[in-house]
Amino acid sequence: MHKSPDGDAVGSSLGMKHYLEKIGHTVSVLSPNGYPEFLKWMPGNKSVIDFEKTPSPANQAIAKAELIIFLDFNSLTRIGGLDKAVKKSKAKRLIIDHHPQPEDFADFVFHNTGASSTAELVYDFITLLGDNKKIHKDIANCLYAGIMTDTGSFRFASTTAHTHDVVADLMRHGAEATKVHRFVDDNNRDIRLRLLGYAVMEKMKIFPDFATGFITLTQSELKRFDYKEGDTEGLVNEPISVKGIVFSALFTEQLDGEIKISFRSKDSFDVNLFARKHFNGGGHKNAAGGRSDLSMDETILKFLNLLSEYKQELKGK
Ligand code: 5GP
Ligand code: MN
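Bear in mind the structure is a predicted one, so any value in this text is a computation, not a measurement.

### Observations regarding the site of ligand 1
Item 1. Arg78, His99, Ser262, Arg264 and Arg291 are the nearest of the 13 residues found near ligand 1.
Item 2. Within the side chain of Arg264, a nitrogen or oxygen atom sits 3.0 Å from an oxygen atom of ligand 1.
Item 3. His284 is positioned such that a nitrogen or oxygen atom in its side chain is 3.3 Å from an oxygen atom of ligand 1.
Item 4. Burial of ligand 1 by the protein amounts to 79% of the accessible area it has alone, namely 490 Å².
Item 5. When residues of the shell around ligand 1 are traced back to their parent elements, those giving at least two are strand 9 (259-265), strand 10 (282-283) and strand 11 (287-292).
Item 6. With four residues, the single largest contributor to the shell around ligand 1 is strand 11.
Item 7. Here the shell around ligand 1 is composed, by residue class, of two nonpolar, seven polar and four charged.

### Some words on the packing of aromatic side chains
Item 1. Summed over all chains, the structure comprises 22 aromatic pairs.
Item 2. Taking the centre distance of 5.8 Å and the plane angle of 85 degrees together, the rings of Phe70 and Phe73 count as edge-to-face.
Item 3. You can call Phe70 buried: its relative accessible area is 2%.
Item 4. Here the aromatic cluster, defined as three or more aromatic residues joined through ring pairs, consists of Phe207, Phe214, Phe247, Phe251, Phe263, Phe269, Phe274, Phe279, Phe303 and Tyr310.
Item 5. The side chain of Arg224 reaches across the aromatic face of Tyr198, ending 5.0 Å from its centre.

Cut-offs applied
- Residues numbered from 1 in each chain as written.
- Chains lettered and ligands numbered in written order.
- Predicted model: local features only at pLDDT ≥ 70, side-chain atom pairs only at ≥ 80, totals over all residues.
- Heavy atoms only, no water.
- Near = heavy atom within 4 Å.
- Polar contact = N/O pair within 3.5 Å; in protein donor to acceptor, adjacent residues only side chain to side chain.
- Areas by Shrake-Rupley, 256 points an atom, 1.4 Å probe, with all protein chains shown as cover.
- Helix = DSSP H or I, 4+ residues; strand = E, 2+ residues; numbered from the N terminus.
- Nonpolar A, V, L, I, M, F, W, Y, C, P; charged D, E, K, R; others polar.
- Phe/Tyr/Trp six-rings, centres within 6.5 Å; stacked < 30°, edge-to-face > 60°.
- Buried < 20%, exposed > 50% of the residue type's maximum accessible area, 1.4 Å probe, protein only.
- Lys NZ or Arg CZ within 6 Å of the ring centre and 35° of its normal.

Spelled out as structure tokens, the structure:
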């Protein structure tokens, strides 16, 4: 999986693990670092090796591998410290991914930017191999979780008729839709809801002239609400739910002072290009991320100056 794995990274990796084990392979699932509680219910979660916590079993798994599968990313810059072992390994490499602009580091690439999620591609991959009948409940629940989280519960523009076909078939193979939604969405600590409330009430800025809204959160604010990994998941979607807003950003100060940024857009404003060009990041056209080494205030100043530059494009939509 990629660093700071999301529901699609975890769901597609664990779905793939269950499938490969079903057909007789020995599988290790590696994550560069930890991920939020609301993803830890997935079957097989306990077997995931966290490189940051236990680097040597992770490196050993890579050293022993005959095949390394890269799920939900397409650049070796996204796997943190796992990259050294991967670069040393002579194993064959397979990328399964739906992000634009894949880098050329694999022997096999199963890639489609039109796919809603990597989990949808894992379903297609299994089905194209003629193994659709081998999809069992654990595979189905993991892949359902990947698709559901990456599509914002089947509402983002990436959701296609095929996505719904895949989900229907996963349900035929045992996916428990209501249970997955409950595990992912209804798993809050009350203090997390208070953080979200505070962020929207006190920290959300809306700029109708630029069709843009954003939220900032500093370390001291996060500490006040007992921040845990994943607590701000989905928060970036709040400004963009305001009528007339087509571009939103969430700036969160990390422990080391770096500002992590999430971008979302509607329609033709391309946040992948915006994040690549200005904030050392990337992603999809309507959902991307990046970072800034400036202070929070300087980062916001840079962002506001950029808004003026993009005003035409933002208001044209
Ligand atoms: P999120 O805002 O949920 O962290 O990320 C949104 C999308 O942008 C995800 O598809 C993720 O893969 C991508 N993304 C987030 N941060 C980065 C980054 O630093 N670099 C690149 N290339 N993609 C990113
Ligand atoms: Mn994805």
